[in-house]
Amino acid sequence: MSTRLAIIAASAGHDARTVLSDVTFCVQPGELICLVGPNGAGKSTLLKLAAGILPARTGEVRLGGRDASAMSARARAAHMAWLAQERGAAWAMRGVDIAALGRFAHEGRPYERLPDAARESVNAAIERCGASGFAHRPVDTLSGGEKARIHLARTLAGGAPLLLLDEPLNALDPRHQLDVMALLRAEAASGTAIILALHDLAMARRHAARVIVLDEGRIVADGPPATALSSTILANVFAVREAPDGGFSPV
Ligand SMILES: Nc1ncnc2c1ncn2[C@@H]1O[C@H](COP(=O)(O)OP(=O)(O)OP(=O)(O)O)[C@@H](O)[C@H]1O
């Protein structure tokens, strides 16, 4: 099986500003990677670079072994699904319509006109995200957590081999956070490569075999949680230390 994502000596940014510098890492099938870093470190920028939403200013992004900048939007969308940090919708589509967008690269049709097997894939993704009960309602009538689960279903509906998820646990209650982490672990166990940006370091520690730490646009640690989230990294990057109660306190 080929490397799902390779970012090689890449820089990227917004307008005149370079945010990411000299970023290099690879993601293999079945990996579940937590991407952590302080506010503004560049996590969303990095996921947008990987998704092809932002171009590499220097270096290279490769998806499934192919130069991402030479791939069509459709080919990229078949290879990876991106969950944006914002869960907005331009108009009041139903949950099923949004989830069905996750298959647009395959069939190019809305939910009602999907072939049965494809509609089944959309429904199965909605079911796995616990969103069946509200999937036929307009998204502007849903709660924040319900909307988040519809958007997560969209990323699963296309069966993409690479998921790029920007804070997928935002707006979810504790039980749904655990359910989503269990779902992502199962997805990774079936071969999907997953990178998720997270702020919850305890969750990253518990669920990821690999953690990438970004600080001021550079990767400062990449490895198992015990080393990537060492007390030195916690202090130097996040300005926290582990507290006796199991949480974190400021340094
Ligand atoms: N569209 C944009 N135009 C200009 N600057 C931007 C844009 N998006 C992000 N930035 C800037 O790029 C830097 C990195 O932002 P990014 O959203 O990647 O950080 P992040 O690590 O995801 O942060 P957070 O944890 O707060 O979500 C920040 O300084 C931010 O202000």
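Residues numbered from 1 in each chain as written. Predicted model: local features only at pLDDT ≥ 70, side-chain atom pairs only at ≥ 80, totals over all residues.

K.L.:
Explain the domain arrangement of the protein chain to me, please; I cannot follow it from the model alone.
P.N.:
Accessible area lost upon the coming together of the parts serves often as the stated size of an interface. Along its sequence, the protein chain is carved into domain 1 (1–64 + 161–251) and domain 2 (87–160). Distance from the C-alpha centre of domain 1 to the C-alpha centre of domain 2: 25 Å. At the junction of the two partners, domain 1 supplies 13 residues and domain 2 supplies eight residues. At the level of elements, β7 (162–166) and α7 (174–189) are the ones that each hand at least two residues to the side of domain 1 that touches domain 2. Examining the composition of the side of domain 1 that touches domain 2, we find that four residues originate from one element, α7, more than from any other. Each residue belonging to the side of domain 1 that touches domain 2 can be placed in one class, and the counts come to nine nonpolar, two polar and two charged. (Domains from an automatic or database assignment. Contact = placed C-beta atoms within 7 Å. Helix = DSSP H or I, 4+ residues; strand = E, 2+ residues; numbered from the N terminus. Nonpolar A, V, L, I, M, F, W, Y, C, P; charged D, E, K, R; others polar.)

K.L.:
Mind showing me how you'd approach the site of the ligand here?
P.N.:
Neighbouring the ligand are His14, Asp15, Val19, Gly37, Asn39, Gly40, Ala41, Gly42, Lys43, Ser44, Thr45 and Gln85. For the shell around the ligand, the leading source of residues is helix α1 (residues 43–51), giving three residues. Classifying every residue of the shell around the ligand by side-chain character gives two nonpolar, eight polar and two charged. (Near = placed C-beta within 6 Å.)

K.L.:
Help me out: how do you make sense of the pairing of strand β8 (residues 193–197) in this one?
P.N.:
Looking along a regular strand, one sees side chains alternate from face to face of the sheet. Most of β8 is tucked away: five of the five residues are buried. Alternating residues of β8 divide into Ala193, Ile195 and Ala197 and Ile194 and Leu196, and every residue in both groups is buried. The pairing of strand β3 (residues 32–36) with β8 spans four bridges and is parallel. From the neighbouring strand, Ile33 faces β8, where its bridge partner is Ile195. In terms of strand pairing, β7 meets β8 through five bridges, oriented parallel. Across the sheet, Asp166 pairs through a bridge with Ala197, a residue of β8. At this point the chain moves from β7, through α7, to the parallel β8, and the crossover so formed is right-handed. (Buried ≥ 20, exposed ≤ 12 C-beta atoms within 10 Å, placed from the backbone. Pairing = 2+ DSSP bridges. Right-handed = clockwise from strand over helix to strand, strands pointing away.)

K.L.:
Explain the nonpolar core to me, please; I cannot follow it from the model alone.
P.N.:
What tends to happen in soluble globular proteins is that the nonpolar side chains get buried as a cluster. If you look at the biggest cluster of nonpolar residues, it comprises 78 residues, and the most contacted ones within it are Leu35, Ala99, Ala153, Leu164 and Ile194. Per-domain counts for this core show at least three residues from each of domain 1 (1–64 + 161–251) and domain 2 (87–160). Not counting residues within four places of it along the chain, the set of residues in contact with Ala99 comprises Val122, Ala125, Ile126, Ala135, Ile150, Ala153, Arg154 and Ala157. (Core = buried A, V, L, I, M, F, W, Y, C linked by C-beta atoms within 7 Å.)

K.L.:
What should I look at first to understand the sheet that holds β3 in this one?
P.N.:
Hydrogen bonds between backbone atoms are what pair the strands of a sheet, whose relative direction is either parallel or antiparallel. Read across the sheet, six strands follow the order β6-β7-β8-β3-β9-β10 without closing on themselves; strand pairing throughout is mixed. In this open sheet, the two strands that pair with only one neighbour each are β6 (80–83) and β10 (218–223). The mean angle between the axes of side-by-side strands here comes to 15°, regardless of whether they run parallel or antiparallel. Looking at chain direction, strand β9 (residues 210–215) and β10 are connected through five bridges and run antiparallel. Its bridge partner being in β10, Leu214 is matched across the sheet by Ile219. (Axes fitted to C-alpha atoms, helices over the stretch in contact; angles between N-to-C directions.)

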